[in-house]
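Below, each chain spelled out in residue letters.
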Amino acid sequence: MAGREWWRDGVIYQIYPRSFQDSNRDGIGDLAGIIGQLDYLGWLGIDAIWLTPITVSPDADMGYDVSDYCGVQPVFGDLERAETLIAEADRRGIKIVLDIVPNHTSDRHPWFIDARASRRARHRDWYVWADPRSDGGPPNNWVSQFGGPAWTLDERTGQYYLHNFLPEQPDLNWWSPDVRDAFDGIYRFWFDRGVAGFRIDVAHGIVKDRELRDNPPATADDTPWLQRLGQRPIYNTERPEVHDVLRRWRALADTYQPPRILLGETYVLDVRSMGRFYGQGDELHLAFNFTYVHAPFQAPALAEVVAESELVLGDHNWPVWTVSNHDVSRVMTRWGGGDERKLRCALLSLLTLRGTPVLYYGDEIGMPDTPIGKDALQDPLGKRYWPQPRGRDPERTPMPWRNTSGAGFTDAGARPWLPIGDAAVRNVEDQRRDPASTLCFTRDLIALRRETGDLQEGPYRQLPSPADAWVWQRGRSTIVAVNLSDRQVRIPEVAGGIKLATARSRDGERLTGTLTLGPWEGAVCSSESI
Ligand code: NOJ
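Since we're looking at a predicted model, the values are computed, not measured.

(A) Representation of empty space enclosed by the protein. According to the stated counting rule, one finds four cavities of 30 Å³ or more in the structure shown. Within this model, the largest cavity holds a volume of roughly 60 Å³. If you go around the largest cavity, the residues you meet are Thr55, Val66, Tyr69, Leu98, Asp99, Ile100, Val101, Ile186, Trp190 and Phe198. Among the elements of the structure, strand 5 (95–100) and helix 6 (177–191) are those that each provide at least two residues to the lining of the largest cavity. If you tally residues by element for the lining of the largest cavity, the top one is strand 5, at three residues. Split by residue class, the lining of the largest cavity holds eight nonpolar, one polar and one charged.

(B) The side chain of Thr52, seen in detail. By the secondary structure assignment, Thr52 is in the loop between strand 2 (48–51) and strand 3 (55–56). Classification of Thr52 as buried rests on a relative accessible area of 2%. Dropping the residues within four chain positions of it, Thr52 is found in contact with Gln14, Ile15, Tyr16, Pro17, Tyr64, Asp99 and His326.

(C) Structural view of the site of the ligand. Around the ligand there are 13 residues in total, and Asp61, Asp201, His326, Asp327 and Arg392 lie nearest to it. With respect to the ligand, the side chain of Asp61 contributes an N or O atom lying 2.6 Å from an oxygen atom. The side chain of His104 places a nitrogen or oxygen atom 3.1 Å from an oxygen atom of the ligand. Contact with the protein chains removes 97% of the 290 Å² of surface that the ligand exposes when unbound. Across the shell around the ligand, the residue classes tally to four nonpolar, two polar and seven charged.

(D) Quick look at the sheet that holds strand 8 (residues 159–162). Spatial ordering of the open sheet is given by 6-8-7, a layout of three strands whose pairing is antiparallel. For this open sheet the edge positions go to strand 6 (129–130) and strand 7 (151–154), each flanked by a neighbour on one side alone. The pairing of strand 7 with strand 8 spans four bridges and is antiparallel. Its bridge partner being in strand 8, Asp154 is matched across the sheet by Gln159.

(E) Quick look at the pattern of salt bridges. If you walk through the whole model with that rule in mind, you get 41 salt bridges. A salt bridge links Arg433 to Asp430; its shortest N-O distance comes to 3.7 Å. Taken together, the residues span about one helical turn, with Arg433 and Asp430 both in helix 15 (residues 428–433) at a distance of three residues. Since its relative accessible area comes to 61%, Arg433 is described here as exposed. Note on Asp430: relative accessible area 34%, which makes it partly exposed.

(F) Up close: helix 13 (residues 340–350). For helix 13, the buried fraction is high: eight of the eleven residues fall into the buried class. All of the buried residues along helix 13 are Leu343, Arg344, Cys345, Ala346, Leu347, Leu348, Ser349 and Leu350.

(G) Representation of unusual backbone geometry in the model. Omega for the peptide link from Gln257 to Pro258 comes to -5°, which places this bond in the cis form. As for its placement among the helices and strands, Pro258 is situated in the loop between helix 8 (242–254) and strand 10 (261–264). Put simply, Trp386 and Pro387 share a cis peptide bond, and its omega is 5°. Following the sequence through the fold, Pro387 ends up in the loop between helix 14 (380–385) and helix 15. Phi at Met62 is positive, roughly 45°, even though this residue is not glycine. Among the residues examined, Met62 registers a relative accessible area of 7% and is labelled buried. Of note in the backbone geometry, Val202 takes a positive phi value of approximately 50° without being a glycine. Positionally, Val202 belongs in the loop between strand 9 (197–200) and helix 7 (224–229). The exposure class assigned to Val202 is buried, which follows from its relative accessible area of 3%.

(H) A look at the pairing of strand 9. Along strand 9, one buried face is formed by Gly197 and Arg199 and the opposite face, lined by Phe198 and Ile200, is buried too. Looking at chain direction, strand 9 and strand 10 are connected through four bridges and run parallel. When the bridges of strand 10 are listed, Arg199 appears paired with Leu263.

(I) Highlighting the side chain of Asp379. Looking at where Asp379 falls in the secondary structure, it is placed in the loop between strand 13 (356–360) and helix 14. A polar contact is formed between the side chain of Asp379 and the backbone nitrogen of Arg392, at a distance of 2.7 Å. Filtering out sequence-adjacent residues up to four positions away, Asp379 remains in contact with Asp61, Gly391, Arg392, Asp393 and Arg396.

(J) Region of interest: the packing of aromatic side chains. One pass over the full model with this rule turns up 35 aromatic pairs. Relative to Trp520, the ring of Phe297 has its centre 6.0 Å away and its plane inclined at 15°; by these criteria the two rings are stacked. In this pair, Phe297 is assigned in the loop between helix 10 (290–293) and helix 11 (299–313) and Trp520 in the loop between strand 18 (510–517) and strand 19 (522–526), connecting sequence segments 223 residues apart. Owing to a relative accessible area of 9%, Trp520 belongs among the buried residues under this scheme. Measuring from ring centre to ring centre gives 4.8 Å for Tyr360 and Tyr361, while their planes differ by 70°; the resulting arrangement is edge-to-face. When its relative accessible area of 0% is taken as the criterion, Tyr360 is described as buried. Linked through ring pairs, Tyr69, Trp111, Trp126, Trp174, Phe183, Tyr187, Phe191, Phe198, Trp249 and Tyr256 together constitute an aromatic cluster.

Procedures and definitions
- The residue numbering used here restarts from 1 in each chain and proceeds along that chain's sequence as written.
- Local features in this predicted model are restricted to residues whose pLDDT is 70 or higher, and side-chain atom pairs enter the listing and the counts only when it is 80 or higher, whereas totals over whole chains, interfaces and linings include all residues.
- No hydrogens and no water enter the side-chain calculation; it runs on all heavy atoms of the structure.
- Definitions used for this entry: grid spacing 1 Å over protein atoms alone; cavity, a set of points where a 1.4 Å probe fits but cannot get out; pocket, an open set with protein on both sides within 12 Å along at least 5 of 7 lines; lining residue, one with an atom within 4 Å of a point.
- Grid points are joined across faces, edges and corners, and a volume is the space filled by probe spheres set on the points.
- Working definition: helices are DSSP H or I runs of at least four residues, strands are E runs of at least two. Numbering for both runs from the N terminus.
- All residues other than Ala, Val, Leu, Ile, Met, Phe, Trp, Tyr, Cys, Pro, Asp, Glu, Lys and Arg, Gly among them, are scored as polar; the first ten of these are nonpolar and the last four charged.
- Classification of residues uses two cut-offs on accessible area relative to the type maximum, computed with a 1.4 Å probe and protein chains only: under 20% is buried, over 50% is exposed, and between them is partly exposed.
- Residue contacts follow a heavy-atom distance rule, with two residues in contact if any of their heavy atoms lie within 4.5 Å.
- We call a residue near a given molecule or strand whenever any one of its heavy atoms falls within 4 Å of it.
- In protein, a polar contact means a hydrogen-donor-capable atom and an acceptor-capable atom, both N or O and within 3.5 Å, with residues adjacent in sequence counting only if both atoms are side-chain atoms; elsewhere, any N or O pair within 3.5 Å suffices.
- Surface accessibility in these figures is a Shrake-Rupley result with a 1.4 Å probe; residues are shielded only by whichever protein chains are displayed.
- Any two strands with at least two DSSP-identified bridges between them are counted as paired.
- Should a side-chain nitrogen of Lys or Arg be within 4 Å of a carboxyl oxygen of Asp or Glu, the pair is scored as a salt bridge.
- Two rings belonging to Phe, Tyr or Trp (six-membered ring only in the last case) form a pair when the distance between their centres is within 6.5 Å. Interplanar angles under 30 degrees mark stacking, angles over 60 mark edge-to-face geometry, and anything in between is tilted.

See the structure below:
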C-alpha cells in the first residue's frame, strides 16, 4: 500500500490526558504517564494518539481556554517531556496529534490582558469588541453555547467582548491578519517538533459575521440542540469565510514532509454542511461526523447517516468516524445502555466502516459513564446546570488499569481529580488476560483491519438486510453485519466464513449462504476461504 497516507488506514486513539495515567501521585494524569503506557497502545495496535489540549491553561474549561499555545501545562509536564513523548511514540510507529483552540483564548492570555487594557491597545482588535446598544445591553442577540449571552461588558473600556463559550474564553477576531499570522506561527512551532497534525477545536465556527447581525430564532423543525439554544447560530458560527482560513492552514500543513493532517471538530448536525469542510481537497483532511455520533442506535438511522455521508463525501474524500469523545456520554452508556453486546456492535461498525476510526480511551474495555456527585464536579457546564445532566465529567473519568486502590491510574493514597469508576467490574489488566474480553475483541478487530485490504481501502456498499440489521460490503470479499435488535435475524447470501464475531465463539464459523445473528450480534465475514 505504498503511497497511501497513514491517516486513511490508521486508527486514532483519543486520550484525555488528565485521566489516562498519573506518574507523580498528584491524582492527575500526565505526559510521563502516557509515555509509560505507549507499549500498551502499541499492543492495542493504534496508529496515532490525539491528545486533548496539553497547552498552558487556567482550566476554566479544562484546557480549552489557552493562555500559552507554545507551552505545556505544568501539571502535565513540560516541552521537553512533550518532545520525549513524540519521540517515544515514533519509536513504536505511533504518531501524535495535538488539539489546537483557535476560536478563543483564555481571558488570561497576554493578548487578551493587553486587549482589554485600552481601546488603543496593540491587541485590541485581535478580539471581537462592540459598543453597547442604546439601552446599554449587548450588541446583538447571540447566545453562548454554554448558556447566557455571548457578550460580556468590559467596564473599564466600555465595550462588550464576544465569547461563544465561557466569559473566560474570549473569541478571537479572525478578520485580523495579525491573528492569522500568529496562528501560522503556532502551527509551525508544533509541526517543527514532529507533531503529525492537529485536531482543530470549533473548526466550523471561528469566523464571525463582520456586521454582527442578530441570529434568527430556532423553529419547531430545528434539532433539540438548536431549540435549547433558542436561535440558529448562523452569524456567530459557520460563516462562509471560515473556508479561507481552512485553506490557508491546509496549504501550511502541506508544506511539511510528510504532510501534517487537519482533523476538524466540525460541530454541525447535518451531513451536507459537514462535507463542505473538505473543500476541494484543499481544506480539512478529516471532518468529524457529529450526525453519526448523535444518531439513535438503530440500524436504519445509522445506515442512513453513513449512506448520506458516502454520497456527500464521494470517493475522493475520506470519512472519519467516532462513537464517543470528551463531550458526549460514552458509547457504552449512550448506545449500549451498559450492555456489552451493544457496545461490541458499536465498536465493530466503528472499526469496519470506510474511513478513519477515532477510538476514545476506555471504550476498548467498555468503560461506561461514571456518575459524579455535586462535590466532585469539575466541568463548568456540570456546575452551572446542576442537577441537570449537562456536565461532561462522567465521560472524562480516570482509566481503570487494575483492580487496586487508585485503579493503577494513581497511587493508593492519592486523590484522583475525578472519581474512578468501578475497577473491579472492568480494568485493562483483567481484560488483557481474558481472550473473550472486549479489550481483546477490540485489539483483534484492529489487527484484522490492518491485515485486510478490503477493510482499509475497500469501497462501502450497503446490502439489503432484514429490518433492524445493517449489512455492508467492503471491497471485494468482506461483509460486515450487525443485528441491532432483540430478535434473531437471518441474512441471506453470505458465503465463506466468519473472520471475527462479537460472540467470539463464532470466530472461524463456516457459512453456507446464510448468516444467522443472535440478538445484538455482529460479525465480519469473508467470502474467501478462511
Ligand atoms: C469543543 C471542545 O471539545 C469542548 O470540550 C470545549 O468545551 C469547547 N469546544 C470550547 O472550546
